[in-house]
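Chain and residue survey
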Amino acid sequence: MTELLALLPSYLTAHLQLTLLALLLSAGISVPLGIAASRITWLEQPSLALAGIIQTVPSLALLAAMVPVLAALDLQSIGFLPAIVGLTLYGVLPVLRNTVTGIAGVDPALREAARGVGMTARQQLLLVELPLAMPVIVAGIRTATVWVVGIATLSTPVGATSLGNYIFSGLQTRNYAAILVGCVAAAGLALLLDGLVRAIEVGLVRRRRGRLAAALGAVAVLYAYAGITLAAPLLGDRERPIVVGAKSFTEQYILSAAIAGWVERETGRPTALLQSLGSLVAFDAVDTGEVDVYVDYTGTIWANEMGRAQIRAGRAEMLDGVRDFLEDGHGMTLAATLGFENTYALTVRAEHAERLGLRTIGDLADHAPRLAIGADVEFFARPEWPAVRDTYGLDFREERAMDASLMYQAAATEEVDVISAYTTDGRIAAYDLRVLEDDRGAIPPYDAILVAGARLAAEAPDVLDALARLEGAIDAERMRSMNLRVDERGEDPATVAAAFVETLSNDRAP
Amino acid sequence: MIQADGLTKRYGDATVVDGFSLNVKAGELVVLLGGSGSGKTTTLKMINRLIEPTAGSVRLDGVDTAELPPHELRRRIGYVFQRIGLFPHMTVGENVAVTPGLLGWPLERTAARVDELLELVELDPALRDRRPSELSGGQQQRVGVARALAAEPRVMLLDEPFGALDPVTRERLQQSFLRIRTRLALTTVFVTHDMTEALTLADRIGVMHDGRLLQLGTPRDLLTRPADDYVDRLMSTPRRQAAVVDALIGGTTAEARS
Ligand SMILES: Nc1ncnc2c1ncn2[C@@H]1O[C@H](COP(=O)(O)OP(=O)(O)OP(=O)(O)O)[C@@H](O)[C@H]1O
Ligand SMILES: [Mg+2]
């Protein structure tokens, strides 16, 4: 718990930066747009329709969609910017809609009275229409506030730190305390900001000077804090830390922390973690320089980044191909192969395998029409799946996609019969699953490699050297046991990583 | 002072005001009298350009109003709306101070003016910081009149200002308005469909029907020399009503005697 709470200030600050800036931008866009729409009739329907369409895009997808869009525009596509753009778009609709309806709801007799006492169109807007529409507009801002605070937790996969880091890593590592801390903190922040907006409204409408000043003061302090913390890294010429990335599963959390610890220890340079990145985002983040190093797997890069449909490549052939692709195509470095493979493996409950006499994947073919297979969402969409299916002629009764962290449980409770597990997952042993042999080599090799960005080669060769010393440092057994300590014994990935770095240093000590 | 010449308003095929001409002298109070839908409000709004006329012109002190920016014109003319139209988000004092504020009066002058007006329309100065929703209908009407008078206009347009009030309150307000307009020498066009109100207030009455000004004259003119049947019927209503009242009183006395 203390480890969790130690992260709170940085996560909360990042979340606050995202939320406050996005809300300021949404309000800054939608209030003027709403005013314009209430003046220029043809503008109203298209702008509301557009905002409505944006709203119907699932929020996670909207944020993820910002990555390629910003990349195409040659802007920062990983990290703060895509999150801000996505959140801002999300906040536009409630404020826009309420501004339009608020102004439209002003009694026409009062509009006429405003003209009758001698107001210009502008004075009519400022002195009569906006004050009368204000409660409705504020209600829209409050809706946007609560939404944006909640949705900002989804900034984590696009590379912006937020309270979502608790939630994403907690979900993957089954750390329910982390999920709880993330949710409670987000809810608390939503209540606080909503309360402040409400206090400003009450202060304005009922003319409570004191209350208004207090609420405005609090908002100003929050904005100042967010602004200063946001600007600080830009101003001070502090050494930029070596950023270690991680996708969102246990092994990646452990390895990123281990790499960071190792680099700090070996080079004395500061490091930072950027975790819970979307699978493809991680690679892009190294490409754009947001991340300096992360762990990926040869088969993944082979299929996803190199777009090779032909997945039946030999292990060495694939490693060379990936190395060439990284170095020639992207100026990246394949800094080390860690020494283990994390590949897909079809597994069955040992007792069940015994009963059916299953040893190889081929043995499944006869039984498949009576069996259900579970796998993570990604697996069924990858080229491996048709390759395995066709090579062995498998035709399962049912294919169920589920989150990787729930898959083992589903196998244990016999909800599915076969799962596509990861070979380094400690839960294979913990749940007494049997790995079926891929004797016809349908599943490509997935060697774990360190992918380093161009900046390391140019500016920090010592870091590259340190990374190179991790060559072969982790075998599959070691990785499995580390994963198991997190997944089943509930240890913190950082703790497990620290212990690993400790042993590694002692081993390597002269 | 106000010279309306051939004012006409058409909406599509419907002509709602047709060739309305009227000359209101300085300090005079002309009542526009007519049934519902006869075009009184439309005519009044064409005078301060809340409605732009389809044809015709209005001159104010000899100046064609079409040549002034509408908001400047309206700041010089007090207007009391049929539906009052007080701004609900402003206090009574702020409502009254609106036009002086638009004209950029110094704050002290405006504040003094607000006090003066509340007194003039016989409102308790303590109401100054209340919201309009916290006032009675009669009080709201007084605020509406005060707001129209705030920037010291020499011309006032009033659209059935006391229409929604009980007879006793209405009469009190009529009396205070008469005092005010005499004191300030206001040039006034006052719209009503209440015959008694017209007779009480008017220097001259203009009878409107179907968008046309049927007859214009002093109350006595209209009573004694109605131009046509419509005016005649209209002008005889108070007498008919009085006859009903007389009969009632007569009946009661008869009952009491027997
Ligand atoms: N914007 C408009 N479009 C079309 N017709 C209109 C419009 N405004 C008013 N009218 C019509 O013009 C006629 C005159 O309306 P106006 O409001 O001037 O009447 P009024 O004499 O003030 O009636 P009342 O005593 O009921 O207030 C009515 O028949 C009304 O329906
Ligand atoms: Mg009317």
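Residues numbered from 1 in each chain as written. Chains lettered and ligands numbered in written order. Predicted model: local features only at pLDDT ≥ 70, side-chain atom pairs only at ≥ 80, totals over all residues. Heavy atoms only, no water.

A few words on the side chain of T65 of chain B. Residue position: T65 of chain B is located in the loop between β5 (63-64) and α2 (70-75). In contact with T65 of chain B, other than residues within four places in its own chain, are I47, R49, V58, L60 and L73 of chain B. (Helix = DSSP H or I, 4+ residues; strand = E, 2+ residues; numbered from the N terminus. Contact = heavy atoms within 4.5 Å.)

This paragraph deals with the packing of aromatic side chains. If you walk through the whole model with that rule in mind, you get 15 aromatic pairs over all chains. Ring centres of F379 of chain A and W385 of chain A lie 5.6 Å apart, and the angle between their planes is 50°; this geometry places the pair in the tilted category. Both residues of the pair, F379 of chain A and W385 of chain A, count as buried. Aromatic pair Y79 of chain B and F81 of chain B: ring centres 4.6 Å apart, planes at 45°, arrangement tilted. Exposure class is identical for Y79 of chain B and F81 of chain B. Each is buried. The ring of W105 of chain B has R109 of chain B sitting right over it, with the charged end atom 3.5 Å from the ring centre. The ring of F87 of chain B carries R147 of chain B above its face, with NZ or CZ at 4.9 Å from the centroid. (Phe/Tyr/Trp six-rings, centres within 6.5 Å; stacked < 30°, edge-to-face > 60°. Buried < 20%, exposed > 50% of the residue type's maximum accessible area, 1.4 Å probe, protein only. Lys NZ or Arg CZ within 6 Å of the ring centre and 35° of its normal.)

Moving on: the sheet that holds strand β10 (residues 212-217) of chain B. All names here are of chain B. The sheet built from six strands is open, its strands ordered β6-β7-β8-β3-β9-β10 with mixed pairing. Two strands lie at the open edges of the sheet, namely β6 (77-80) and β10, each paired on one side alone. Across the sheet, the mean angle separating the axes of adjacent strands is 15° when strand polarity is ignored. Along the sheet, helix α6 (residues 137-149) makes contact with β6 and β7 (155-159), crossing β6 at roughly 165°. (Pairing = 2+ DSSP bridges. Axes fitted to C-alpha atoms, helices over the stretch in contact; angles between N-to-C directions.)

This part is about unusual backbone geometry. Residue and element names in this part refer to chain B. Positive phi outside glycine occurs at R49, with the angle close to 65°. By the element assignment, R49 lies in the loop between α1 (40-47) and β4 (55-60). The class for R49 is buried, based on a relative accessible area of 12%.

To continue, consider the coordination of the magnesium ion (ligand 2). Each protein donor to the magnesium ion (ligand 2) is listed here as T41 of chain B (OG1) and Q82 of chain B (OE1); together their distances run 1.9 to 2.5 Å. One end of the pair, T41 of chain B, is in helix α1; the other, Q82 of chain B, is in the loop between β6 and α3 (92-96), and 41 residues separate them in sequence. (Donors = N, O, S within 2.8 Å, 3.2 Å for Na, K, Ca; no water.)

Take the side chain of D417 of chain A next. Residues and elements named next belong to chain A. Relative to the helices and strands, D417 is located in the loop between α17 (404-412) and β8 (418-422). Side-chain polar atoms of D417 contact the backbone nitrogen of A372, separated by 2.8 Å. Once residues within four sequence positions are removed from consideration, D417 is found in contact with T347, V348, R349, H352, R370, L371 and A372. (Polar contact = N/O pair within 3.5 Å; in protein donor to acceptor, adjacent residues only side chain to side chain.)

All names here are of chain A. Each domain of chain A was delimited in the assignment, giving domain 1 (2-235), domain 2 (242-342 + 445-508) and domain 3 (344-435). One C-alpha centre belongs to domain 1, the other to domain 2, and the line joining them spans 37 Å. For the pair domain 1 and domain 2, the two sides together bury roughly 1,300 Å², of which 55% comes from carbon and sulfur. Its largest share of buried area at the contact with domain 2, domain 1 owes to I78, Q172 and T173, together 38% of the area lost on that side. At the junction of domain 1 with domain 2, the criterion picks out zero salt bridges. Viewed at the interface, domain 2 and domain 1 are joined by three residue pairs in polar contact (both at pLDDT 80 or more). (Domains from an automatic or database assignment. Buried area = accessible area lost by both parts, 1.4 Å probe. Salt bridge = Lys/Arg side-chain N within 4 Å of Asp/Glu carboxyl O.)

Residues and elements named next belong to chain A. Two elements in contact, helix α1 (residues 2-39) and helix α8 (residues 176-205), have axes whose closest approach is 11 Å; the angle formed by their N-to-C orientations is 40°. Accordingly, the angle class assigned to the pair α1 and α8 is oblique. Between α1 and α8 lies a crossing whose hand is right-handed. Across from L4, L5, L8, L12, H15, L16, T19 and L20 in α1, the residues of α8 making contact are A177, A178, V181, A185, L189 and L193. Along the lines of polarity and charge, the residues of the contact of α1 with α8 split into 12 nonpolar, two polar and no charged. (Parallel < 35°, antiparallel > 145°, perpendicular 65-115°, else oblique. Left-handed = near helix turned anticlockwise from the far one by under 90°. Nonpolar A, V, L, I, M, F, W, Y, C, P; charged D, E, K, R; others polar.)

Let's shift gears to the confidence of the model for chain A. Detailed reading of the predicted model is not advised wherever pLDDT is low. Confidence in the prediction of chain A, expressed as mean pLDDT, is 89, and 98% of residues score 70 or more. When the elements of chain A are averaged for pLDDT, helix α15 (residues 377-381) of chain A gives the smallest value, 82, and strand β3 (residues 293-297) of chain A the largest, 95. (pLDDT = per-residue confidence, 0-100.)

A separate point is the environment of G140 of chain A. Residues and elements named next belong to chain A. Here G140 lies in helix α6 (residues 121-151). Residues G140 and V92, spaced 48 residues apart in sequence, show a C-alpha to C-alpha distance of 9.3 Å. Here G140 is in contact with P94, V95 and N98, once residues within four sequence places are set aside.

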